[in-house]
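What the coordinates show
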Amino acid sequence: MDPPYIDPTEVVNVLIKIANYVFISYGAGLPLLSDKVQFPSFLRTITSVDIQPYGVVELLLHFGWTWVGMLASDNDYGQEGGHALQVEMAKKGICVEYFYILAPHTPRDRIITIVEMMKKATSTVIILYTFIAETTAVLEEVSLARMPKKTWIAVSSWMPSPVFANKHLWTTLNGTLGLAIGSGEIPGFSSFLTKIHPSKYPSDIFINAFWEEAFGCIWPGNGSTTNAEDPVPGDAPFCLGTEELTSLDSSVYDVTNFRFAYAAYNAVHVVANAMHALLRCKDGQGPFAHGGCTTAQNYQPWQFLHYLKNVSYRNTAGQRIYFDSNGDSPGFFDIVNWRMSVNGISSFSKVGTFATQATGSHKLIINNSTILWGDEYTQAPVSVCSRSCVAGQRILIREGRPKCCYDCVPCPEDEISNHSDAIDCMKCPDDQWPNQNQDLCIPKVVEYLSFHEPLGTTLSSLTALFFLLTASVLCVFTKHRGTPIVKANNRTLSYILLVSILFCFPCSLLFIGRPERVHCWLRQGLFTTFFSFSISCVLAKTITVVIAFRATKPNSSLRKWVGPTIPNSIITICPITQVLMYITWLATYPPFPELNKQAFKGRIVLGCNEGSPYYHYGMKLFLGLLALVTMVVAFLARKLPSGFNEAQHITFSMLVFTSVWLSFIPAYLSTTGKYTAAVEASAILSSSAGLLCCIFATKCYIIILRPEMNTREHLIGKHLPNSMERL
């Protein structure tokens, strides 16, 4: 039997000697042998060891072990395999806390130093990429050092092996997991082995040697295989021949652990299948030139190699046997659990498999419930440098430490991480925001001034109230249109003023409810236009009064302006100017609904973008200038005869109007969202109510409650100019 991990030079020497022959190995696992340039006729039924690192990494990932220690042999197998394993672990985010190289004859003080370092280490999983000799020395020292329980991961170079029949080593290794060369059932093999007896094969010295090794005895006389120069144990009994093979420790004599025997079994069957294919070849249908075949008595090695490479069948264990382009069989390992029962009986138990797929991928299957972890663990131990960061946190690598050693820090206020061990946090979309745990983005609440909330209900109720109140005043004035107090204040302008105020109040409703494109188009333009009509009417009334009284003076140049020309011009030009500005605004930079996603945390403000701030503020500035002019004119007319005191009411109404809109400016600029709309709606209601109450409250009081004062004599007195009679 060829050694499982022989030196490459030995293999090369063997192949050179038999260069003209096909070589099928059931034990040589070195990756170098897959090179078909150097070894074109080399095939093997054992898995190449370069698959082992993938199996170890998959095993570590399966149990979440990201912080491990590692020991490797001081040879090509240990160093190259250990390096390959480190590279693969690094790709998967697994860190190595320590990595020690063990020479075949490492001094004991060096081993003690290594064990002490392992004892202080925080990792609880140790990978052994070593040969048996180095491993035994370390494990013996570990058992003496009373090191805290560690979980060992063994590779197929040394496990399972009879050398660990030592009970102290088994105690240390109890719970170990390892990759062992894949095995399967060989029909009749167990029955054959249990029936082996030296008496059946008296000339076979290997059976005698096995018997002495297995039972710790020596054959008396010539039957002994002990070398004469070797010391014979003084207390070793003689072999009686009555010993039972079934009484041997299952860890030593378990046929399921005769893994190289299984590989040899497959190798023999490969040859048999290839020979069978060779014999079944028919001329004209063969794989060689012109459909030729060959014979069992006369074939060349390269011809037989062709049949070997194309072997494909399922063996008695159900495993598909074939060779890839490198002459390797499919990668196949058993995951083995080392156990020791309470009565001291040790055993290996298969708990899973690791295999390479035809696509080149790898597949690990483990039954966790069948694993025994030793005396100190009831479940898989934890071996991490830092605990996993939960969702809502991110990893912050500790300076100067491996990437597996980190701190967990919360995500920034406006970011989330939706999985554990996140490297970075991520921002939510603009229409979402982090939940309380910062592990999920949830939709933001869309906010606007709704009719159903208290503020919206209050404003809409006030709108309805003032609208009805204005309509009532209009009805009162219409009903009493022939009375002196209605006639004396320019009845037509009063009607126009009341109608414009009547339409000003509903404009506030455009600022309540979900903003749509039509709302955004109308709300600024409508209320400024109706207010322009209102203020224009007030200005027209005031100028009319001023002209009427000034025209009574002798030789006054204002006599020609007495009449409807001036008021009609004012109530036409001022609103039209506002309307033209409004139309230009809509034609160039119209307002539109906008979602403000940045104003508030967790809320999206739905409002109107005014399009152009110049038109927006320009229209309001024009309205303000109109109100200011009206207030100045009314103030100048405040000393008119006391019998006609509407100028005083107009002055006060304009003072209220300008005060409301001057206070509106800082309130509008300092609020956001629905409160901005509420401020503007309140300003519309307040200023409209101010005009209504300041100008018409006294008149309605006289008309309704003091009709005796609603006479021409009482209203005009001695100071009414003749020109007022025509108004």
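Residues numbered from 1 in each chain as written. Predicted model: local features only at pLDDT ≥ 70, side-chain atom pairs only at ≥ 80, totals over all residues. Heavy atoms only, no water.

**So, the sheet that holds strand β4 (residues 95–102)**
Taken in spatial order, the 8 strands line up as β4-β3-β5-β6-β7-β10-β11-β12 in an open sheet, and their pairing is mixed. At either end of the open sheet lies a strand with only one pairing partner, and these are β4 and β12 (362–366). Strand-to-strand twist in this sheet, taken as the mean axis angle between neighbours without regard to direction, amounts to 25°. As paired elements, strand β7 (residues 177–181) and strand β10 (residues 332–340) share 5 bridges and run antiparallel to each other. Bridge pairing in β10 places leucine 179 opposite isoleucine 335. Each of β3 (67–73), β4 and β5 (125–129) is contacted by helix α3 (residues 76–91), which is oriented at about 160° to β3, the strand it contacts most. (Pairing = 2+ DSSP bridges. Helix = DSSP H or I, 4+ residues; strand = E, 2+ residues; numbered from the N terminus. Axes fitted to C-alpha atoms, helices over the stretch in contact; angles between N-to-C directions. Contact = heavy atoms within 4.5 Å.)

**Some details on the state of the cysteines**
All chains considered together, the criterion is met by 8 disulfides. Across the disulfide, cysteine 217 is cross-linked to cysteine 239 (sulfur-sulfur distance 1.9 Å). Torsion about the S-S bond of the cysteine 217 and cysteine 239 cystine: about 95°, corresponding to right-handed handedness. With cysteine 217 in the loop between α8 (205–215) and α9 (259–279) and cysteine 239 in the loop between α8 and α9, this pair connects stretches of sequence that are 22 residues apart. For the pair formed by cysteine 217 and cysteine 239, the shared burial category is buried. (Disulfide = S-S within 2.5 Å. Buried < 20%, exposed > 50% of the residue type's maximum accessible area, 1.4 Å probe, protein only.)

**Re empty space enclosed by the protein**
A water-sized probe, rolled over the atoms, reveals where empty space remains. This structure, assessed with the given rule, holds 3 cavities of 30 Å³ or more. Considered as a void within the structure, the largest cavity measures approximately 120 Å³ in volume. Around the largest cavity sit 13 residues that line it, and Thr45, Ile46, Thr47, Asn266 and Gln319 are the ones nearest its centre. Per element, the largest residue contribution to the lining of the largest cavity is 3 residues, and it comes from α9. Per-class residue counts for the lining of the largest cavity are 7 nonpolar, 6 polar and no charged. (1 Å grid on protein atoms, 1.4 Å probe; cavity = no way out; pocket = protein on both sides within 12 Å on 5 of 7 lines; lining within 4 Å. Points joined across faces, edges and corners; volume = space filled by probe spheres on them. Nonpolar A, V, L, I, M, F, W, Y, C, P; charged D, E, K, R; others polar.)

**Comments concerning the pairing of strand β6 (residues 151–154)**
Where a strand is regular, its side chains alternate between the two sheet faces. Every second residue of β6 is oriented toward a common face, with Thr151 and Ile153 on one face and Trp152 and Ala154 on the other, all of them buried. Inspection of the sheet shows β5 paired to β6 by 4 bridges, in the parallel sense. The residue bridging valine 125 from the neighbouring strand is threonine 151, located in β6. Handedness of the crossover joining β5 and β6 through helix α5 (residues 132–145): right-handed. As paired strands, β6 and β7 are joined by 2 bridges and run parallel to one another. (Right-handed = clockwise from strand over helix to strand, strands pointing away.)

**Some thoughts on the pattern of salt bridges**
With the rule as written, the count across this model stands at 12 salt bridges. Ionic pairing is found between arginine 259 and aspartate 334, a salt bridge with its closest N-O pair at 2.7 Å. Taken together, the residues span a long stretch of sequence, with arginine 259 in helix α9 and aspartate 334 in strand β10 at a distance of 75 residues. The same class applies to arginine 259 and to aspartate 334, which are both buried. A salt bridge links glutamate 708 to arginine 706; the nearest nitrogen and oxygen atoms lie 2.5 Å apart. Judged by its relative accessible area of 47%, glutamate 708 falls in the partly exposed class. (Salt bridge = Lys/Arg side-chain N within 4 Å of Asp/Glu carboxyl O.)

**Quick word on a nonpolar patch on the surface**
Taken together, the side chains of Leu621, Leu625, Leu628, Val632, Phe635 and Leu636 make up a nonpolar region of the molecular surface, amounting to roughly 580 Å² of accessible area. Mapped onto the fold, leucine 628 is located in helix α16 (residues 613–636). (Patch = residues over 30% accessible without salt bridge, like charges linked within 9 Å, V, L, I, M, F, W, Y side chains within 5 Å. Areas by Shrake-Rupley, 256 points an atom, 1.4 Å probe, with all protein chains shown as cover.)

**Observations concerning the sheet that holds strand β21 (residues 603–609)**
Ordered in space as β19-β21-β20, the 3 strands form an open sheet in which the pairing is mixed. On the outer flanks of this sheet lie β19 (445–447) and β20 (592–600), each paired with one strand and no other. The mean inter-strand angle of the sheet, taken between neighbouring strand axes irrespective of direction, is 35°. Across 3 bridges, the pairing between β19 and β21 is parallel. Its bridge partner lying in β21, valine 446 is registered against isoleucine 604.

**A look at the packing of aromatic side chains**
Overall, the coordinates contain 23 aromatic pairs when judged by the stated rule. Relative to tyrosine 129, the ring of tyrosine 77 has its centre 5.2 Å away and its plane inclined at 40°; by these criteria the two rings are tilted. Here tyrosine 129 lies in strand β5 and tyrosine 77 lies in helix α3, a separation of 52 residues in the sequence. The exposure classification of tyrosine 77 matches that of tyrosine 129, with both residues buried. Here tyrosine 77 and phenylalanine 131 contribute two aromatic rings whose centre-to-centre distance is 5.2 Å and whose plane-to-plane angle is 15°, an arrangement assigned as stacked. Of this pair, tyrosine 77 sits in helix α3 while phenylalanine 131 sits in the loop between β5 and α5, and the two are 54 residues apart along the sequence. According to the relative accessible area criterion, tyrosine 77 is buried, its value standing at 6%. Since its relative accessible area comes to 23%, phenylalanine 131 is described here as partly exposed. Across from the ring centre of tyrosine 668, 5.2 Å away, lies the NZ or CZ of lysine 620, which sits over that ring. (Phe/Tyr/Trp six-rings, centres within 6.5 Å; stacked < 30°, edge-to-face > 60°. Lys NZ or Arg CZ within 6 Å of the ring centre and 35° of its normal.)

No statement about biological role is implied by the geometric values presented.
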